[in-house]
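For reference, the chains in residue letters:
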Amino acid sequence: MAAEKKGYKKKPLKRSVKSDNIVVSTVITVRISDEEKMRIEKIMADLDIKSYSDVMRMALHMVKPTLQYG
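## Some points on the overall build of the protein chain
Then step 1. Summing up its helical and strand segments, the protein chain has two helices and zero strands in all.
Then step 2. Looking at the protein chain as a whole, 6% of its 70 residues are labelled buried.

## Topic: the packing of helix H1 (residues 34-47) against helix H2 (residues 52-63)
Then step 1. Contact pair H1 / H2: the axes reach a minimum separation of 10 Å and the direction vectors enclose 95°. Relative to H2, the element H1 is oriented roughly perpendicular. On H2, the residues touching Lys37, Ile40, Glu41, Met44 and Leu47 of H1 are Tyr52, Val55 and Met58.
Then step 2. For the contact of H1 with H2, the class distribution of residues is six nonpolar, no polar and two charged.

Rules used in this analysis
Residues numbered from 1 in each chain as written. Predicted model: local features only at pLDDT ≥ 70, side-chain atom pairs only at ≥ 80, totals over all residues. Heavy atoms only, no water. Helix = DSSP H or I, 4+ residues; strand = E, 2+ residues; numbered from the N terminus. Buried < 20%, exposed > 50% of the residue type's maximum accessible area, 1.4 Å probe, protein only. Axes fitted to C-alpha atoms, helices over the stretch in contact; angles between N-to-C directions. Parallel < 35°, antiparallel > 145°, perpendicular 65-115°, else oblique. Contact = heavy atoms within 4.5 Å. Nonpolar A, V, L, I, M, F, W, Y, C, P; charged D, E, K, R; others polar.

Below, the structure is given as structure tokens:
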């Protein structure tokens, strides 16, 4: 008998009873150079930021107003 290949299924989202807003997080992988990593770590130390995600969120908020679509 041939072995069956297991498929990956997404887990269903758990809906919160208290809120109608569902927050869905996405994982994004970014390749950066050692120099860029050192610059980000310096920013984190200077601004007392604990996670890389917080730095990226701040950067996206800074860039967002300058983007133009269409």
